[in-house]
Amino acid sequence: MNTTRSTHSSKASQPGARDPFGAHLRHWRTHRRLSQLDLAQEAEVSTRHLSYVETGRAAPSREMVLRLAERLEVPLRERNALLVAAGFAPMYRQRSLDDPALASARRAVDLVLKGHEPFPALAVDRHWNLVAYNALVPMLMAGAAPELVAPPVNVLRLSMHPDGLASRIANFAQWRAHLLERLQQQIAATGDAVLQELHDELEAFPPPNVSHDAPKADTDLSGVVVPFQLVTPNGVLSFISTTTIFGTPVDVTLQELAVESFFPADAQTAAALTEMAKQAQAAG
(Lines give C-alpha, C1' and ligand atoms only; values in the text may rest on other atoms or scores of the structure.)
Protein backbone atom coordinates (compact mmCIF):
# COMPACT_ATOMS: atom_id res chain seq x y z
CA MET A 1 0.00 0.00 0.00
CA ASN A 2 1.33 3.44 -0.93
CA THR A 3 1.43 5.99 1.85
CA THR A 4 1.57 9.75 1.57
CA ARG A 5 4.64 11.16 3.24
CA SER A 6 5.66 14.73 3.79
CA THR A 7 7.98 16.08 1.12
CA HIS A 8 9.41 19.44 0.33
CA SER A 9 11.07 21.00 -2.66
CA SER A 10 14.71 21.82 -2.48
CA LYS A 11 17.11 23.46 -4.89
CA ALA A 12 20.01 21.58 -3.31
CA SER A 13 21.70 19.37 -5.85
CA GLN A 14 21.39 15.62 -5.62
CA PRO A 15 24.60 13.75 -4.85
CA GLY A 16 26.70 12.94 -7.90
CA ALA A 17 27.71 9.57 -9.30
CA ARG A 18 30.98 9.59 -7.34
CA ASP A 19 29.44 10.48 -4.00
CA PRO A 20 29.27 7.67 -1.41
CA PHE A 21 26.09 5.79 -0.69
CA GLY A 22 25.68 7.58 2.64
CA ALA A 23 25.41 10.94 0.88
CA HIS A 24 22.66 9.62 -1.39
CA LEU A 25 20.83 8.08 1.57
CA ARG A 26 21.05 11.25 3.63
CA HIS A 27 19.78 13.31 0.66
CA TRP A 28 16.66 11.18 0.25
CA ARG A 29 16.03 10.84 3.97
CA THR A 30 16.12 14.59 4.50
CA HIS A 31 14.18 15.20 1.29
CA ARG A 32 11.42 13.00 2.70
CA ARG A 33 11.72 14.77 6.06
CA LEU A 34 12.46 11.61 7.99
CA SER A 35 14.76 11.30 10.97
CA GLN A 36 17.14 8.38 11.20
CA LEU A 37 14.84 6.94 13.84
CA ASP A 38 11.80 7.23 11.57
CA LEU A 39 13.54 5.56 8.66
CA ALA A 40 15.09 2.84 10.82
CA GLN A 41 11.66 1.92 12.16
CA GLU A 42 10.11 1.84 8.68
CA ALA A 43 12.98 -0.24 7.28
CA GLU A 44 13.09 -2.48 10.37
CA VAL A 45 16.78 -1.91 11.08
CA SER A 46 18.52 -0.50 14.13
CA THR A 47 19.08 3.23 14.29
CA ARG A 48 22.73 2.58 15.09
CA HIS A 49 23.24 0.47 11.97
CA LEU A 50 21.45 3.03 9.80
CA SER A 51 23.68 5.75 11.25
CA TYR A 52 26.76 3.69 10.44
CA VAL A 53 25.55 3.18 6.87
CA GLU A 54 24.81 6.86 6.40
CA THR A 55 28.20 7.95 7.73
CA GLY A 56 30.11 5.29 5.78
CA ARG A 57 31.18 3.26 8.81
CA ALA A 58 29.20 0.26 7.53
CA ALA A 59 28.49 -0.93 4.00
CA PRO A 60 24.87 -1.80 3.16
CA SER A 61 23.89 -5.05 1.50
CA ARG A 62 22.06 -4.96 -1.82
CA GLU A 63 18.91 -6.03 0.00
CA MET A 64 19.33 -3.15 2.44
CA VAL A 65 19.78 -0.62 -0.39
CA LEU A 66 16.57 -1.78 -2.06
CA ARG A 67 14.67 -1.86 1.23
CA LEU A 68 15.69 1.70 2.10
CA ALA A 69 14.90 2.89 -1.42
CA GLU A 70 11.45 1.30 -1.18
CA ARG A 71 10.70 2.93 2.18
CA LEU A 72 11.91 6.30 0.87
CA GLU A 73 9.84 5.93 -2.32
CA VAL A 74 12.90 6.67 -4.43
CA PRO A 75 12.17 6.70 -8.21
CA LEU A 76 13.68 3.85 -10.22
CA ARG A 77 16.31 6.01 -11.92
CA GLU A 78 17.61 7.17 -8.54
CA ARG A 79 17.41 3.63 -7.13
CA ASN A 80 19.98 2.68 -9.75
CA ALA A 81 22.17 5.54 -8.51
CA LEU A 82 21.85 4.24 -4.95
CA LEU A 83 22.85 0.75 -6.03
CA VAL A 84 25.88 2.00 -7.96
CA ALA A 85 26.97 4.21 -5.06
CA ALA A 86 26.84 1.15 -2.79
CA GLY A 87 28.98 -0.86 -5.22
CA PHE A 88 26.26 -2.90 -6.91
CA ALA A 89 25.09 -3.11 -10.51
CA PRO A 90 22.01 -1.12 -11.54
CA MET A 91 18.79 -3.13 -11.33
CA TYR A 92 16.39 -1.16 -13.52
CA ARG A 93 16.99 -0.83 -17.26
CA GLN A 94 17.00 2.57 -18.97
CA ARG A 95 16.06 2.44 -22.63
CA SER A 96 14.55 4.70 -25.25
CA LEU A 97 10.89 4.10 -25.96
CA ASP A 98 12.02 3.32 -29.52
CA ASP A 99 14.16 0.43 -28.25
CA PRO A 100 12.96 -2.86 -29.83
CA ALA A 101 12.69 -4.34 -26.33
CA LEU A 102 9.97 -1.79 -25.54
CA ALA A 103 8.09 -2.30 -28.80
CA SER A 104 5.03 -3.71 -27.01
CA ALA A 105 4.97 -0.74 -24.63
CA ARG A 106 5.26 1.68 -27.54
CA ARG A 107 2.38 -0.06 -29.32
CA ALA A 108 0.30 0.22 -26.16
CA VAL A 109 1.00 3.94 -25.92
CA ASP A 110 0.16 4.47 -29.60
CA LEU A 111 -3.09 2.52 -29.17
CA VAL A 112 -4.09 4.66 -26.21
CA LEU A 113 -3.35 7.86 -28.11
CA LYS A 114 -5.09 6.75 -31.29
CA GLY A 115 -8.03 5.34 -29.38
CA HIS A 116 -8.61 8.69 -27.68
CA GLU A 117 -9.37 10.44 -30.98
CA PRO A 118 -11.26 12.61 -31.83
CA PHE A 119 -9.92 14.14 -28.63
CA PRO A 120 -6.27 15.16 -28.13
CA ALA A 121 -3.81 13.02 -26.17
CA LEU A 122 -0.04 13.00 -25.83
CA ALA A 123 2.75 11.17 -24.03
CA VAL A 124 5.58 12.93 -22.19
CA ASP A 125 8.77 11.87 -20.44
CA ARG A 126 9.84 12.80 -16.91
CA HIS A 127 10.87 16.32 -17.99
CA TRP A 128 7.65 16.95 -19.93
CA ASN A 129 9.25 16.48 -23.33
CA LEU A 130 6.82 15.31 -25.99
CA VAL A 131 7.32 11.63 -26.85
CA ALA A 132 4.21 10.78 -28.88
CA TYR A 133 0.83 12.33 -29.75
CA ASN A 134 -2.31 11.77 -31.78
CA ALA A 135 -3.63 13.66 -34.78
CA LEU A 136 -5.41 16.40 -32.81
CA VAL A 137 -2.37 17.71 -30.94
CA PRO A 138 -0.60 19.49 -33.87
CA MET A 139 -3.79 21.36 -34.66
CA LEU A 140 -3.88 22.76 -31.13
CA MET A 141 -0.18 23.71 -31.25
CA ALA A 142 -0.58 25.64 -34.51
CA GLY A 143 0.63 29.24 -34.34
CA ALA A 144 3.35 28.72 -31.74
CA ALA A 145 6.87 29.99 -32.47
CA PRO A 146 8.83 27.47 -34.59
CA GLU A 147 11.56 27.08 -31.97
CA LEU A 148 8.98 25.96 -29.39
CA VAL A 149 7.58 23.19 -31.58
CA ALA A 150 10.96 21.95 -32.81
CA PRO A 151 11.98 18.64 -31.20
CA PRO A 152 12.37 18.07 -28.37
CA VAL A 153 9.13 19.90 -27.57
CA ASN A 154 8.66 20.66 -23.89
CA VAL A 155 4.90 20.84 -23.44
CA LEU A 156 5.02 22.97 -20.30
CA ARG A 157 7.33 25.52 -21.94
CA LEU A 158 5.10 25.49 -25.02
CA SER A 159 2.02 26.08 -22.86
CA MET A 160 3.38 28.96 -20.80
CA HIS A 161 5.80 30.76 -23.12
CA PRO A 162 4.50 34.12 -24.43
CA ASP A 163 5.32 32.95 -27.97
CA GLY A 164 3.74 29.56 -27.37
CA LEU A 165 0.14 28.90 -26.34
CA ALA A 166 0.02 31.37 -23.44
CA SER A 167 -1.63 34.15 -25.44
CA ARG A 168 -4.35 31.72 -26.55
CA ILE A 169 -5.21 30.25 -23.15
CA ALA A 170 -8.39 31.98 -22.04
CA ASN A 171 -7.93 31.13 -18.35
CA PHE A 172 -4.15 31.57 -18.40
CA ALA A 173 -3.69 32.73 -14.79
CA GLN A 174 -5.66 29.76 -13.46
CA TRP A 175 -3.93 27.27 -15.77
CA ARG A 176 -0.48 28.70 -14.99
CA ALA A 177 -1.03 28.30 -11.25
CA HIS A 178 -2.24 24.73 -11.79
CA LEU A 179 0.79 23.74 -13.88
CA LEU A 180 3.31 25.29 -11.49
CA GLU A 181 1.70 23.59 -8.51
CA ARG A 182 1.67 20.25 -10.30
CA LEU A 183 5.32 20.66 -11.30
CA GLN A 184 6.24 21.56 -7.73
CA GLN A 185 4.57 18.37 -6.49
CA GLN A 186 6.60 16.37 -9.01
CA ILE A 187 9.80 18.05 -7.82
CA ALA A 188 8.94 17.22 -4.22
CA ALA A 189 8.42 13.57 -5.14
CA THR A 190 11.52 13.14 -7.32
CA GLY A 191 14.00 15.78 -6.17
CA ASP A 192 14.81 16.32 -9.86
CA ALA A 193 17.09 19.34 -10.36
CA VAL A 194 16.16 19.63 -14.06
CA LEU A 195 12.50 19.96 -13.12
CA GLN A 196 13.39 22.63 -10.58
CA GLU A 197 15.20 24.58 -13.30
CA LEU A 198 12.18 24.20 -15.57
CA HIS A 199 9.89 25.42 -12.78
CA ASP A 200 12.05 28.51 -12.24
CA GLU A 201 12.13 29.21 -15.98
CA LEU A 202 8.36 28.93 -16.34
CA GLU A 203 7.72 31.02 -13.25
CA ALA A 204 9.83 33.84 -14.73
CA PHE A 205 7.89 34.04 -18.01
CA PRO A 206 6.00 37.34 -18.37
CA PRO A 207 2.23 37.02 -18.73
CA PRO A 208 0.81 37.24 -22.26
CA ASN A 209 0.04 40.73 -23.49
CA VAL A 210 -3.50 39.76 -24.52
CA SER A 211 -6.44 38.60 -22.48
CA HIS A 212 -9.63 36.75 -23.27
CA ASP A 213 -13.02 36.41 -21.72
CA ALA A 214 -12.84 32.88 -20.42
CA PRO A 215 -16.10 30.97 -20.84
CA LYS A 216 -17.91 30.16 -17.66
CA ALA A 217 -16.75 26.80 -16.39
CA ASP A 218 -19.20 24.00 -15.68
CA THR A 219 -19.97 24.40 -11.98
CA ASP A 220 -20.13 20.62 -11.54
CA LEU A 221 -16.58 20.29 -12.90
CA SER A 222 -14.95 23.43 -11.50
CA GLY A 223 -14.94 22.06 -7.97
CA VAL A 224 -13.09 18.94 -9.11
CA VAL A 225 -10.67 19.85 -11.90
CA VAL A 226 -8.99 22.91 -13.43
CA PRO A 227 -10.16 23.33 -17.04
CA PHE A 228 -7.85 24.11 -19.95
CA GLN A 229 -9.54 26.71 -22.16
CA LEU A 230 -7.86 27.33 -25.50
CA VAL A 231 -8.80 29.97 -28.06
CA THR A 232 -8.86 28.45 -31.58
CA PRO A 233 -10.35 29.31 -34.98
CA ASN A 234 -13.14 26.91 -33.99
CA GLY A 235 -13.94 28.94 -30.88
CA VAL A 236 -12.84 28.55 -27.27
CA LEU A 237 -12.32 24.88 -26.54
CA SER A 238 -12.66 23.75 -22.92
CA PHE A 239 -10.93 20.59 -21.73
CA ILE A 240 -10.43 18.53 -18.63
CA SER A 241 -7.47 16.17 -18.54
CA THR A 242 -6.36 12.92 -16.95
CA THR A 243 -2.91 11.39 -16.53
CA THR A 244 -2.17 7.72 -17.12
CA ILE A 245 1.02 5.99 -15.95
CA PHE A 246 2.22 2.39 -15.95
CA GLY A 247 1.19 0.85 -12.65
CA THR A 248 4.06 -1.55 -11.87
CA PRO A 249 6.99 -0.74 -14.15
CA VAL A 250 10.40 -2.37 -13.81
CA ASP A 251 11.91 -0.14 -16.48
CA VAL A 252 12.99 3.45 -15.82
CA THR A 253 11.57 4.69 -19.12
CA LEU A 254 8.14 3.27 -18.44
CA GLN A 255 7.98 4.60 -14.89
CA GLU A 256 8.76 8.08 -16.16
CA LEU A 257 6.29 8.00 -19.06
CA ALA A 258 2.91 9.69 -18.68
CA VAL A 259 -0.04 9.93 -21.07
CA GLU A 260 -2.09 13.12 -20.89
CA SER A 261 -5.60 12.66 -22.25
CA PHE A 262 -7.84 15.67 -22.84
CA PHE A 263 -11.63 15.39 -22.76
CA PRO A 264 -14.16 17.99 -23.90
CA ALA A 265 -15.69 19.85 -20.98
CA ASP A 266 -18.76 20.92 -22.96
CA ALA A 267 -20.79 19.95 -26.01
CA GLN A 268 -19.43 22.78 -28.17
CA THR A 269 -15.87 21.55 -27.63
CA ALA A 270 -16.85 17.96 -28.42
CA ALA A 271 -18.47 19.03 -31.70
CA ALA A 272 -15.51 21.22 -32.68
CA LEU A 273 -13.01 18.43 -31.97
CA THR A 274 -15.02 15.97 -34.04
CA GLU A 275 -14.89 18.38 -36.97
CA MET A 276 -11.17 19.03 -36.46
CA ALA A 277 -10.52 15.29 -36.44
CA LYS A 278 -12.29 14.98 -39.80
CA GLN A 279 -10.07 17.77 -41.16
CA ALA A 280 -6.94 16.06 -39.85
CA GLN A 281 -8.00 12.75 -41.41
CA ALA A 282 -8.70 14.42 -44.76
CA ALA A 283 -5.33 16.22 -44.68
CA GLY A 284 -3.50 13.02 -43.78
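Here's what I pulled together on the structure shown here. (Residues numbered from 1 in each chain as written. Predicted model: local features only at pLDDT ≥ 70, side-chain atom pairs only at ≥ 80, totals over all residues. Heavy atoms only, no water.)

## Some details on the packing of helix 1 (residues 21–31) against helix 3 (residues 47–55)
- At a closest axis distance of 6 Å, the pairing of helix 1 and helix 3 adopts a crossing angle of 115 degrees. Every residue of helix 3 that contacts helix 1 at F21, G22, L25, R26 and R29 is listed here: L50, V53 and E54.
- Per-class residue counts for the contact of helix 1 with helix 3 are 4 nonpolar, 1 polar and 3 charged. (Axes fitted to C-alpha atoms, helices over the stretch in contact; angles between N-to-C directions. Helix = DSSP H or I, 4+ residues; strand = E, 2+ residues; numbered from the N terminus. Contact = heavy atoms within 4.5 Å. Nonpolar A, V, L, I, M, F, W, Y, C, P; charged D, E, K, R; others polar.)

## Re the environment of A144
- Tracing the backbone shows A144 in the loop between helix 7 (137–141) and helix 8 (155–160).
- Each C-alpha atom of the pair A144 and S159 lies 9.4 Å from the other, and the pair is 15 residues apart in sequence.
- The residues touching A144, leaving out its near neighbours within four places in the chain, are V149, L158, D163 and G164.

## Here we look at the environment of E147
- Turning to its location among the elements, E147 is positioned in the loop between helix 7 and helix 8.
- For E147, a relative accessible area of 56% puts it in the exposed group.
- Counting along the chain gives 16 residues from E147 to D163, while the straight-line C-alpha distance between them is 9.5 Å. (Buried < 20%, exposed > 50% of the residue type's maximum accessible area, 1.4 Å probe, protein only.)

## Points about the packing of aromatic side chains
- With the rule as written, the count across this model stands at 4 aromatic pairs.
- Centroid distance W175 to F228: 4.8 Å. Interplanar angle 40 degrees. Geometry classified as tilted. You can see W175 sitting in helix 9 (residues 172–190) and its partner F228 sitting in strand 3 (residues 228–232), a full 53 residues away along the chain.
- Given a relative accessible area of 5%, W175 falls into the buried group.
- With 6.0 Å between their ring centres and 50 degrees between their planes, F228 and F262 make a pair best called tilted. Of the two residues, F228 is situated in strand 3 and F262 in strand 5 (residues 258–264); the sequence distance between them amounts to 34 residues. Assigned by exposure class, F228 and F262 land together as buried.
- Members of the aromatic cluster, joined through ring pairs, are W175, F228, F239 and F262. (Phe/Tyr/Trp six-rings, centres within 6.5 Å; stacked < 30°, edge-to-face > 60°.)

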